[in-house]
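# Analysis of the macromolecular model
Listed here are the chains, written in short residue letters.
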Amino acid sequence: MASGDTLLVFTPLHNEPPAANYAQVDQRNAHSVLDFDASSDEEAVFGGVLPRNYAGGGLTVTLVWMASTANSGNVVWQAAIERHQDDIDDLNSDSFAALNGSGAVAAPSTSGETGYDTITFTDGADMDSLAAGESFRLKIRRDADDTSATDSMAGDAELLRVEVKET
Amino acid sequence: MARKFNDASSEDLSTTTLPVSGLPFTIQAWFRTHDHAAGKTIVSIGDIDATNDYWTVFVLTNGKLRFRTRSNGSGGNADTANTITDNVWHHAHAHFYASGSTEVILDGDSANKGTNSSQAYPVAADELRIGSRVTSGSRYYMDGEIAELAIWDSFVGARLGSKIFNPLLHQGTAGIPKFYAPLIRDEDQDRIGGILLAANNTPSVAPHPRVIFPAPPLYPAQNIVAAGAPHPYYYLAGAAA
C-alpha cells in the first residue's frame with residue numbers, strides 16, 4: 001500500500017454509538033448523516049480491521065461533513081484509535097489513545113455543501129500502536145466545548161463519510 | 001432526528017393501509033415523553049369510527065407501559081411493573097400471541113413485563129396511528145418523540161441487550177418486520193412495505209435515539225499492480241477493476 005491510498009471508508013450506518021453523548025442519526029435530502037451538537041461534545045464510534053496492506057506510514061482520517069444551517073464559523077473535530085491486540089486488550093473497558101485534532105476548520109461557505117478536513121496519526125503510539133490485520137475502533141468527536149480549539153460554528157455539524165488512508 | 005409530537009396540537013401520523021390484520025404480531029418502538037400525565041400513545045391500530053375497537057401501546061399516568069386491546073367493547077390490559085421517566089428515551093416491546101394472550105415489556109426488562117391471558121383483536125380495524133389512539137373517543141395524543149417503529153406479523157423475542165439494534169436486525173419467527181418506520185426527520189414512511197404515513201397537524205423533529213443500524217460491508221481498497229502497467233491502479237474489493 002502506498003501513501004495516499006484509501007484503507008477504509010465508514011458511513012453513518014457504521015456508527016456504533018457510545019452509551020452517552022452520541023451523535024444522532026439524521027437525513028439530509030435522503031443522505032444519512034450523523035448530527036454533532038454545537039454546544040456539547042458528541043461522539044461516533046466505528047469498528048474495523050486495519051487492512052493487511054497497511055505499510056506503516058501512519059494514518060490520515062478525512063471527515064466529509066456539512067453544516068446543518070451555518071455558512072460561517074469553525075468546527076473542531078477530534079479522533080482517537082483503540083487497538084484490540086491479540087490476547088492483550090480487554091474490551092470490557094475502553095482504551096482509546098489520546099485524541100488528535102483537526103484544529104478549527106472553517107464551515108463550508110453554503111449550508112449543504114461538503115467540507116473535507118483531516119486528522120493525522122503517526123505510526124506507533126499515536127494510533128495506539130495499531131498494526132495491520134488488527135481489530136480497532138475509531139472515535140470521532142466534535143469538540144464543541146472548545147477544549148482543544150475554538151469551535152464557533154452554530155448548529156449541528158453533519159458527518160457524511162469517514163475515510164481512513166495511509167498518510 | 002426522530003418525530004416529535006405535540007399533544008396540545010393533536011399531532012400524529014396515520015395510514016389506512018394496515019401492515020397486520022390479525023394475530024400474532026409484535027411491535028417495537030422507541031419513545032420519549034415530555035409529560036406522561038393523562039396517558040400518551042405510542043401506536044395504535046383500530047376502527048377510527050368506534051369507541052372501543054382497537055389495540056394500543058401507551059404510557060399510563062403512573063408511568064407504566066400498557067398494551068390495551070378492545071374488540072367490539074371487550075378486552076383487557078397488560079401493564080409493566082417498571083416505569084418510564086419523562087425526557088428519557090425508552091423502548092417498548094409488545095406481543096399479541098396467536099392464542100390471544102398479550103405481553104408488554106419496557107426497556108427489555110422481561111422480569112417486569114405485563115401479561116394478559118385473554119385478549120381479542122379489533123373486529124373492524126381500518127387505521128394505524130402513531131402518536132394517538134385509533135378511536136372515536138379520547139385519542140391520548142403523544143407529548144414527546146417516537147422513533148424506530150416496527151411491526152412483525154410473528155413473535156419476536158425481547159432481549160435486554162438487543163433493544164439498541166435497529167429492528168431490521170431482529171428476526172421474528174416469520175422473518176423481518178412487515179412494517180418499519182424509522183421516523184428519521186420527516187421521512188414518514190414504512191421502509192418495508194412502502195406505506196406512506198400522513199402527518200396530521202405538523203409534527204416536528206427532535207434528536208434520534210441511540211440505535212445501531214444494519215451497516216453496509218466495509219470494502220478496504222487494495223493496491224493491484226497490473227503486469228506492464230506504468231502505475232498501480234486501485235479498486236474496491238468486489239468491484240470490477
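Residues numbered from 1 in each chain as written. Chains lettered and ligands numbered in written order. Predicted model: local features only at pLDDT ≥ 70, side-chain atom pairs only at ≥ 80, totals over all residues. Heavy atoms only, no water.

### Concerning the overall build of chain B
Each helix and strand counted, chain B has zero helices and 17 strands in total. When the accessible surface of chain B is totalled, it reaches about 9500 Å², and 49% of it is carbon and sulfur. (Helix = DSSP H or I, 4+ residues; strand = E, 2+ residues; numbered from the N terminus. Areas by Shrake-Rupley, 256 points an atom, 1.4 Å probe, with all protein chains shown as cover.)

### Quick look at the sheet that holds strand β2 (residues 12-15) of chain B
All names here are of chain B. Across the sheet, which stays open at both edges, the seven strands sit in the order β7-β6-β5-β4-β11-β2-β14 with antiparallel pairing between neighbours. Every interior strand has two partners, whereas the edge strands, β7 (74-83) and β14 (198-200), have only one. Neighbour to neighbour, the strand axes of the sheet diverge by 15 degrees on average, direction disregarded. (Pairing = 2+ DSSP bridges. Axes fitted to C-alpha atoms, helices over the stretch in contact; angles between N-to-C directions.)

### Focus on the confidence of the model for chain B
Per-residue pLDDT for chain B averages 86, and the proportion of residues at 70 or more is 88%. For residues 222-241 of chain B, every residue scores under 50 in pLDDT, and the model assigns this stretch 28 contacts once sequence neighbours within four places are set aside. (pLDDT = per-residue confidence, 0-100. Contact = heavy atoms within 4.5 Å.)

### Brief notes about the environment of S72(A)
Residues and elements named next belong to chain A. Locating S72 in the fold gives a position in the loop between β5 (59-67) and β6 (74-84). Considering only alpha carbons, one finds S72 and S152, 80 residues apart in sequence, at a separation of 8.5 Å. The contacts of S72, once residues within four sequence positions are left out, are A107 and M153.

### Description of the sheet that holds strand β4 (residues 42-49) of chain A
Residue and element names in this part refer to chain A. Spatially, the four strands line up as an open sheet ordered β4-β9-β6-β7, and their pairing is antiparallel. Edge positions in the open sheet fall to β4 and β7 (100-106), since each of these has one partner strand only. The mean angle between the axes of side-by-side strands here comes to 20 degrees, regardless of whether they run parallel or antiparallel. Pairing of β6 with β7 involves six bridges; the strand directions are antiparallel. Directly across from Q78, in β7, lies its bridge partner G101.

### Describing the pairing of strand β1 (residues 2-5) of chain B
Residue and element names in this part refer to chain B. With three bridges connecting them, β1 and strand β15 (residues 204-206) associate as antiparallel partners. Bridged to R3 within β15 is V205. Examined bridge by bridge, β1 and strand β12 (residues 144-152) share three bridges and lie antiparallel to one another. Considered in β12, the bridge of R3 is made with I146.

### Let's talk about the pattern of salt bridges
Residues and elements named next belong to chain B. Using the criterion set out here, one finds 18 salt bridges over all chains in the structure. One salt bridge connects D188 with R3, and the closest N-O pair in it is separated by 2.7 Å. With D188 in the loop between β13 (179-181) and β14 and R3 in strand β1, this residue pair connects regions lying 185 residues apart in the sequence. Of the two residues, D188 and R3, both sit in the buried class. (Salt bridge = Lys/Arg side-chain N within 4 Å of Asp/Glu carboxyl O. Buried < 20%, exposed > 50% of the residue type's maximum accessible area, 1.4 Å probe, protein only.)

### Some points on the interface of chain B and chain A
The interface is formed by 24 residues belonging to chain B together with 27 residues belonging to chain A. Together, the buried faces of chain B and chain A total about 1900 Å²; carbon and sulfur atoms form 60% of this surface. Joining chain B to chain A, the criterion identifies one salt bridge. Summed over the shared surface of chain B and chain A, the result is six residue pairs in polar contact (both at pLDDT 80 or more). With three residues, strand β16 (residues 221-224) of chain B is the largest single contributor of residues to the side of chain B that touches chain A. Class assignment for the residues of the side of chain B that touches chain A results in 17 nonpolar, three polar and four charged. (Buried area = accessible area lost by both parts, 1.4 Å probe. Polar contact = N/O pair within 3.5 Å; in protein donor to acceptor, adjacent residues only side chain to side chain. Nonpolar A, V, L, I, M, F, W, Y, C, P; charged D, E, K, R; others polar.)

### Concerning the environment of N116(B)
All names here are of chain B. Mapped onto the elements, N116 comes out in strand β10 (residues 114-116). Since its relative accessible area comes to 19%, N116 is described here as buried. Distance in space between the C-alpha atoms of N116 and T51 is 21 Å, their sequence separation being 65 residues. N116 has contacts with G76, N77, A78, S101 and T102, leaving out every residue within four places of it along the chain. Within the structure, N116 has its side chain in polar contact with the backbone oxygen of N77 (distance 2.8 Å).

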